[in-house]
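So you can see what is in the structure, the chains are spelled out below.
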Amino acid sequence: EYVSALPNKFVLAFTAKGFGTDESQTVDIRVGTQTHTIVLHSEPSEIRIPIELQGSAVNSIEFTPQSPISPQAKGLGDDTRVLGIGFVSLRIETM
């Protein structure tokens, strides 16, 4: 959650990789009333999503992996945290 409202028009730009049962992860991204669905793979990739809030005051961006899984469940050690996204960077670029 951001302290101030997000700009009315911006590009949500981020680099991330998925962590899922088959090394990819479908992710729902919610900004205000908009929802965008993307697929992240095991290698980091840059995603750019143009957003227009049409005057709505929004101060949060929500990322929801559709199939989070723990490293333990994948046989990758004892880590029981449920994961789905590995972020490298996240930027808000005004338009």
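Residues numbered from 1 in each chain as written. Predicted model: local features only at pLDDT ≥ 70, side-chain atom pairs only at ≥ 80, totals over all residues. Heavy atoms only, no water.

Undergrad: Before we move on, can you summarise the pairing of strand E3 (residues 34-41) with the specific residues and values?
TA: Pairing of strand E2 (residues 24-31) with E3, which is carried by eight bridges, proceeds in the antiparallel orientation. Residue pairing for E3: Val31 is matched across the bridge by Gln34. Hairpin connection between E2 and E3: a loop of two residues separates the two successive antiparallel strands, and Gly32 in this loop has a positive phi of roughly 60°. (Pairing = 2+ DSSP bridges. Helix = DSSP H or I, 4+ residues; strand = E, 2+ residues; numbered from the N terminus.)

Undergrad: So what about the sheet that holds strand E1 (residues 9-18)? Which residues, and what values?
TA: Ordered in space as E4-E1-E6, the three strands form an open sheet in which the pairing is antiparallel. A single partner strand is all that each edge strand has here, and the edge strands are strand E4 (45-52) and strand E6 (85-94). The sheet shows a mean angle of 20° between the axes of neighbouring strands, direction not considered. Pairing geometry for E1 and E6, over nine bridges, is antiparallel. (Axes fitted to C-alpha atoms, helices over the stretch in contact; angles between N-to-C directions.)

Undergrad: Lay out the side chain of Gln25 in plain terms, naming residues and giving numbers.
TA: By the secondary structure assignment, Gln25 is in strand E2. Looking at Gln25, its side chain comes within polar contact range of the main-chain nitrogen of Gln66, at 3.4 Å. Engagement of the side chain of Gln25 in a polar contact is seen with the backbone nitrogen of Ser67, the distance being 2.8 Å. Residues contacting Gln25, with those up to four places away along its chain left out, are Gly18, Phe19, Gly20, Ile38, Val39, Leu40, Pro65, Gln66, Ser67, Pro68 and Gly84. (Polar contact = N/O pair within 3.5 Å; in protein donor to acceptor, adjacent residues only side chain to side chain. Contact = heavy atoms within 4.5 Å.)

Undergrad: Explain the pattern of salt bridges to me, and be specific about the residues and the numbers.
TA: Tallied over the full model, the rule gives five salt bridges. The partner of Glu93 in a salt bridge is Arg48, and the shortest N-O contact between them spans 2.7 Å. In this pair, Glu93 is assigned in strand E6 and Arg48 in strand E4, connecting sequence segments 45 residues apart. Judged by its relative accessible area of 24%, Glu93 falls in the partly exposed class. (Salt bridge = Lys/Arg side-chain N within 4 Å of Asp/Glu carboxyl O. Buried < 20%, exposed > 50% of the residue type's maximum accessible area, 1.4 Å probe, protein only.)

Undergrad: Run through the packing of aromatic side chains, naming residues and quoting values.
TA: Tallied over the entire structure, the rule returns three aromatic pairs. Both rings, one in Phe14 and one in Phe63, keep their centres 5.4 Å apart while their planes meet at 85°; by these two values the pair is edge-to-face. With a gap of 49 residues between them, Phe14 in strand E1 and Phe63 in strand E5 (residues 61-65) connect regions that are remote in the sequence. The exposure class of Phe14 is buried, given its relative accessible area of 0%. Plain terms: the ring middles of Phe63 and Phe87 are 5.0 Å apart, the flat faces sit at 80° to each other, and that makes the pair edge-to-face. Taken together, the residues span a long stretch of sequence, with Phe63 in strand E5 and Phe87 in strand E6 at a distance of 24 residues. One aromatic cluster is present, built from ring pairs that chain together Phe14, Phe63 and Phe87. (Phe/Tyr/Trp six-rings, centres within 6.5 Å; stacked < 30°, edge-to-face > 60°.)

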